[in-house]
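Summary of structural features
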Protein chains: 4
Amino acid sequence: MIVVMKPGATGAQIANVTARIEQWGCRAHISEGQEHTIIGVIGNGRPLDREQLERMSGVARTVPILRPFKLASRDFHPQSTVVKIDGISVGGKQLVVMAGPCAVENREQLLEAARAVKEAGTHVLRGGAFKPRTSPYSFQGLGEEGLRILAEARKETGLPIVTEVMEPQMVPLVMMYADILQIGARNMQNYALLHAVGEAQRPVLLKRGMMSTVEELLMAAEYILSHGNERIILCERGIRTFEQYTRNTLDISAVPLLKQLSHLPVIVDPSHGTGKWELVEPLSRAAVAAGADGLLIEVHPHPEEALSDGAQSLKPSRFAQLMEGLRPVAEAVGRTL
Amino acid sequence: MIVVMKPGATGAQIANVTARIEQWGCRAHISEGQEHTIIGVIGNGRPLDREQLERMSGVARTVPILRPFKLASRDFHPQSTVVKIDGISVGGKQLVVMAGPCAVENREQLLEAARAVKEAGTHVLRGGAFKPRTSPYSFQGLGEEGLRILAEARKETGLPIVTEVMEPQMVPLVMMYADILQIGARNMQNYALLHAVGEAQRPVLLKRGMMSTVEELLMAAEYILSHGNERIILCERGIRTFEQYTRNTLDISAVPLLKQLSHLPVIVDPSHGTGKWELVEPLSRAAVAAGADGLLIEVHPHPEEALSDGAQSLKPSRFAQLMEGLRPVAEAVGRTL
Amino acid sequence: MIVVMKPGATGAQIANVTARIEQWGCRAHISEGQEHTIIGVIGNGRPLDREQLERMSGVARTVPILRPFKLASRDFHPQSTVVKIDGISVGGKQLVVMAGPCAVENREQLLEAARAVKEAGTHVLRGGAFKPRTSPYSFQGLGEEGLRILAEARKETGLPIVTEVMEPQMVPLVMMYADILQIGARNMQNYALLHAVGEAQRPVLLKRGMMSTVEELLMAAEYILSHGNERIILCERGIRTFEQYTRNTLDISAVPLLKQLSHLPVIVDPSHGTGKWELVEPLSRAAVAAGADGLLIEVHPHPEEALSDGAQSLKPSRFAQLMEGLRPVAEAVGRTL
Amino acid sequence: MIVVMKPGATGAQIANVTARIEQWGCRAHISEGQEHTIIGVIGNGRPLDREQLERMSGVARTVPILRPFKLASRDFHPQSTVVKIDGISVGGKQLVVMAGPCAVENREQLLEAARAVKEAGTHVLRGGAFKPRTSPYSFQGLGEEGLRILAEARKETGLPIVTEVMEPQMVPLVMMYADILQIGARNMQNYALLHAVGEAQRPVLLKRGMMSTVEELLMAAEYILSHGNERIILCERGIRTFEQYTRNTLDISAVPLLKQLSHLPVIVDPSHGTGKWELVEPLSRAAVAAGADGLLIEVHPHPEEALSDGAQSLKPSRFAQLMEGLRPVAEAVGRTL
């Protein structure tokens, strides 16, 4: 960390800051500029508290030098992590596509969707049993009944299941049915939940919050990693901006950026990322071309009857086309589908 | 709701949409424009599913007419709600100031802060026992020990306590100590938690998420109201924008807007809203001048030693000045402090 | 347009709104809902003034139905526009790559860059002679001298030139040297300048403002089109968001969205869009995979000595690699490079 | 400036960076941390080029220490600037209110508005003759005819005139009529225009761009100052965010922030800042309470017939009320109205 003193800071103020730094077991390195004195803090590996220094008199501001994440960082762990789930590897040469309806609505709908996505070459079945909805009057999911239907689909198709868990105390229940625990965008900073899945022995799909920075996403991963769970898949799903023609702005540049900063695999959700089914196919191609390790796509057998997010769901026939068109793009960037 | 058909939509497509609308027990009202046919949906009072209609063929888009919140809406409940807490009324002529440290750090710190804010004329003591922190390596709060210290401060000063609850299963514990349950910005859409405090018989301070629209804040209030708890205080605390000189952008216009749209009282947190103690006083005045029913302010006896958010905390002497300067502003807009 | 009346609007208020609508030569179509009366405005093809109606008493709000752009719209002009420049076609099967340094710094630098991008297969040479810079103390470009150097590079390499024009009265001068007139992001709503290039008989590269919606970009194109110039190339170059690890957030979803809404060709600038040279290659691939008609890329022979935007410029060798890697992606989506 | 080297940067890389710094006539101060070597650049007062260093091998990133504005900075010019216009002082104890219609529509409308705002106690008359409009089909202003009408209103009421200038070559014409030259939000980074008004001997009202940071606003002021014009009034008018219930988000915290960072006076435009007339009064109070030196308010004799921005204009009677209610707030913060 660097401490920038105000112009005209006194010797006593500089000495106080130095003393505080040394009290933390760090060394202070003073450098006098034309207008400002700058104090470099040479650390002992422990995180430092910028805010305390910022309140000391004579201090103009502080500037962090180290990234605040460690376990999630590629500097710390140069080799890419490959998350293994029941015979599937996320983060290897092979792309992994997770598809299915936004919400499990009933047995017929889910089984029809599961068969369709299986036939189109999907690797994992998605479907929500517990749904976070902005309105208390919207469909909130089937709950445990939804989980049982997912388990039946897995039995029939052999596809592993990814489904969302919304509360810490629900983790044991959801783990009975799910191969991958999904943390939704609204819960990316639900620390009690991150703690709970950090202690679970199950891969986690961690979605970026719609107004979270890349750094905050990696800090959320750091919470899970620091509780002992290393099987994390990051998911870019669009951020909130001023643009209104799309539901969110899918931040494709986050894909290569996350791959540089972190060793964790990264997938993309173009369905939530755009909110429009017409944009799902071109954005799926873009994500793969940018280096994503996989995709999370909403497919519904009858989108015009979906109980949630119908406007962004693909019909099975369109999804099959998407998979077909994706194959040459994957090959063009040295991946397989 | 209005359904806008695409230019050249066929009679069969229009008939299908009409049929779906009538199937929901609503009436369809068709109006043929030069380029588009528009179908008005005359409802039966139940919420409608825009996304289903948006996926029907021939439909260009849908436009909602009604606001999605009801119980929180002033149309539905024209009289302003006054939340009563232990002799204090939030939403009346008298402004309510809640002040104290970001986090309870130890007994001495909290009692010193409590005495100082009491002396300066504060009505409620704030202090966090459970702290949501971006980094797993930051101080996470004292937990139940913090709650016990808060209880001691209440006993000594007589000030009611507002403190954050972060998990549904913690609600019973926090209720044993807190007069007001605070839902933090990161948990504004933690629906399990909204459900839990909705069933609690305790006033709730609901902070706007840093990524949330005014409508989403009112929908979060709607969750709590729909579970039977009507004692809700809304809190504007800054939203995330591109501006970097302040930690967040405090949306003062949300104050009169929320007062127009809703009957619930509205307070403002200028400490988190700006992240800089120098801006807390002018923004406190601005909030009151704009019609806020109160303020939530961070005060720390020794901000340069604070374990969290020191850069935005006021010293007791500055806070006393702020209260002094606030009084004439309150009077200028017909309020008392 | 739809006018939503307030709950309880009186018959006289509704009659006033209806009268105003008819005064404009439109028809009003009244539909009474449970809570609101809705008035549909059936237009005469001319744009309507929502704000006037919004101020009439009893009106809650108005909702636009038609998109505000016409000449730029695909509804109006279903066939894709192909912009022809000196033997090159932008918007056809062949992708068009425009590359070169951010600023023309001197003869040697530009000629070296021009030869390198030519050899790597570029179709158009870019280079700024007039530079909009945030600071008055930064390099502002060589001016006309820069234009002359660009002309020399065109003579030597045969590559057409795209360069920025910043003021209406400079249009005649820049037209003497440039094959394509670039409107920079900061000038997207400089209406005097849009007017001037609208009257010029020269193709225009119109960059999206960093603060502009897709609709506003199309409205800026509408200005140029309405002054008679139909040879417009739209350019997505990143929007401003809260994310700080990248300079802007490149909105790749704008590519397929613009292609749906408009008939104009769309290219992408991944250099400004990310501000980091390491991200230029993956984002170039993503743009092409999403359907872009071309790319605008910064290449500098010695980026570490560049007078502007060095951090986002590629070395010639990296650019040649990028072009090589782009070819299979182009083919995977049915394009050639 | 601070240069942060990558972990493992070699001695040769560090030497290269040092050599480049010294080549610029600066000194390099090396400090070796546990993970990174940090190089402090001790400057010679001239601005440095971060981007060049960022492209050198071994460099992780650079961190600016000095603010990039000088002439606009309070560090450089501690005493507050008071801008004098024809007997009025902006930036003194007395608040300055500028009011009038968004656009001059005709002689009757403007004179009626001018008389009304004069009677209510306004100090300056506003009115647009040249209007930047998103749509080429919207009313673009009366042009020079509008300027002549403004001059007539000045003659009758004695109020000085503020009006927008949109093009560099129009500056001489507008100066013939206007006491204050307004630079609109869309032109805040129109550098040719900033240059032109910088050379004019006339006060400038500089509006913050809707997606500009506070730093960029001060850099725009720096352009004007560096061309010799010191009579600048800054104007906060709302920034673009994700919130949709208001047209923009008025950033009231920018007021005290700008007053800290700069010596220039700051006024607030709550009409554009919110886009809703109902919010203009509470936000006017908030701006004054936060320390603004004045207000810019839209008043139209018949807002429901306004040719632009009717939804945010006040009727004269409401404006008179606003002025009445503002007086005690001004007094509460030690100002007069």
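Conventions we followed
Residues numbered from 1 in each chain as written. Chains lettered and ligands numbered in written order. Predicted model: local features only at pLDDT ≥ 70, side-chain atom pairs only at ≥ 80, totals over all residues. Heavy atoms only, no water. Contact = heavy atoms within 4.5 Å. Buried area = accessible area lost by both parts, 1.4 Å probe. Salt bridge = Lys/Arg side-chain N within 4 Å of Asp/Glu carboxyl O. Polar contact = N/O pair within 3.5 Å; in protein donor to acceptor, adjacent residues only side chain to side chain. Pairing = 2+ DSSP bridges. Helix = DSSP H or I, 4+ residues; strand = E, 2+ residues; numbered from the N terminus. Axes fitted to C-alpha atoms, helices over the stretch in contact; angles between N-to-C directions. Nonpolar A, V, L, I, M, F, W, Y, C, P; charged D, E, K, R; others polar. Least-squares fit on C-alpha atoms with pLDDT ≥ 70 in both. Core = buried A, V, L, I, M, F, W, Y, C linked by side-chain atoms within 4.5 Å. Buried < 20%, exposed > 50% of the residue type's maximum accessible area, 1.4 Å probe, protein only. Left-handed = near helix turned anticlockwise from the far one by under 90°. pLDDT = per-residue confidence, 0-100.

Turning to the interface of chain B and chain A, a few remarks are in order. Chain B puts 52 residues into the contact, and the matching count from chain A is 51 residues. When the two sides are added together, the surface that chain B and chain A hide from each other amounts to roughly 4,200 Å², 52% of it contributed by carbon and sulfur. Run the count over chain B and chain A and you get three salt bridges. Between B:Arg240 and A:Glu216 there is a salt bridge, with its nearest N and O atoms 2.5 Å apart. Run the count over chain B and chain A and you get 24 residue pairs in polar contact (both at pLDDT 80 or more).

This part is about the sheet that holds strand β12 (residues 232-236) of chain C. All names here are of chain C. Ordered by their spatial adjacency, eight strands build a closed barrel running β7-β8-β9-β10-β11-β12-β13-β14, and the pairing between neighbours is parallel. Averaged over neighbouring strand pairs, the angle between their axes works out to 25° when direction is ignored. With two bridges joining them, strand β7 (residues 96-100) and strand β8 (residues 124-126) adopt parallel strand pairing. Among the inter-strand pairings, Met-98 is bridged to a residue of β8, identified as Val-124. Sitting on the sheet, helix α8 (residues 254-261) touches β12 and β13 (266-268), and the angle it makes with β13 is about 170°.

This paragraph deals with the interface of chain C and chain A. Across the boundary between the two partners, chain C contributes 39 residues, which contact 39 residues of chain A. With its nearest N and O atoms 2.9 Å apart, the salt bridge here joins C:Arg208 to A:Glu243. Viewed at the interface, chain A and chain C are joined by eight residue pairs in polar contact (both at pLDDT 80 or more). Listing elements by their share of the side of chain C that touches chain A, those giving two or more residues are α7 (214-226), α8, α10 (277-289) and α11 (316-332) of chain C. A total of seven residues in the side of chain C that touches chain A trace back to one element, the largest contributor, which is α10(C). Of the residues assigned to the side of chain C that touches chain A, the class counts are 22 nonpolar, eight polar and nine charged.

With that settled, the discussion passes to the relation of the copies chain B and chain A. The two copies are related by a screw motion: chain B maps onto chain A through a turn of 180° and a shift of 0.0 Å along the axis, at an RMSD of 0.1 Å. Given the turn and translation reported, the copies of this chain are related as if by a two-fold rotation axis. Taking C-alpha positions as reference, the residue of chain B nearest the rotation axis is B:Met211, located at 2.6 Å. Of all interface residues in chain B, 98% are interface residues in chain A too; the two copies therefore contact each other through one and the same surface.

What follows is about the nonpolar core. A:Leu206, B:Leu206, C:Leu206 and D:Leu206 are the most contacted members of the largest nonpolar core, which totals 328 residues. The contact partners of C:Leu206, leaving out residues within four places of it in the chain, are C:Ile183, C:Met188, C:Leu194, C:Leu217, C:Ala220, C:Ala221, C:Ile224, C:Ile232, C:Ile233, C:Leu234 and C:Cys235.

Attention now moves to the relation of the copies chain C and chain A. With an RMSD of 0.1 Å, the operation that places chain C on chain A is a rotation of 180° combined with a shift of 0.0 Å along the axis. When the interface residues of chain C are mapped onto chain A, 100% of them are again interface residues, pointing to one common binding face.

Attention shifts here to the packing of helix α3 (residues 107-119) of chain D against helix α4 (residues 144-157) of chain D. Two quantities define a packed helix pair, namely the angle between the helix axes and the distance between the axes. Residues and elements named next belong to chain D. Where α3 contacts α4, the two axes come as close as 10 Å, and the packing angle between them is 35°. Crossing hand, α3 versus α4: right-handed. Here Arg-107, Leu-110, Leu-111, Ala-114, Arg-115 and Lys-118 of α3 lie close against α4, whose contacting residues are Ile-149, Leu-150, Glu-152, Ala-153, Glu-156 and Thr-157. The residue makeup of the contact of α3 with α4, split by class, is six nonpolar, one polar and five charged.

All names here are of chain B. Read around the barrel, eight strands follow the order β7-β8-β9-β10-β11-β12-β13-β14 and close on themselves; strand pairing throughout is parallel. Within this sheet the neighbouring strands show an average axis-to-axis angle of 25°, counted without direction. Sheet topology note: the strand β13 (residues 266-268)/strand β14 (residues 294-298) ladder contains two bridges and is parallel. Bridging across to β14, Val-268 finds its partner in Leu-295.

As a general rule, the predicted coordinates of low-pLDDT regions are not to be interpreted in detail. When pLDDT is averaged along chain A, the result is 93, and 99% of the positions lie at 70 or above. The ipTM, which scores confidence in the relative placement of chains, is 0.93 for this predicted complex, and the corresponding pTM is 0.94.

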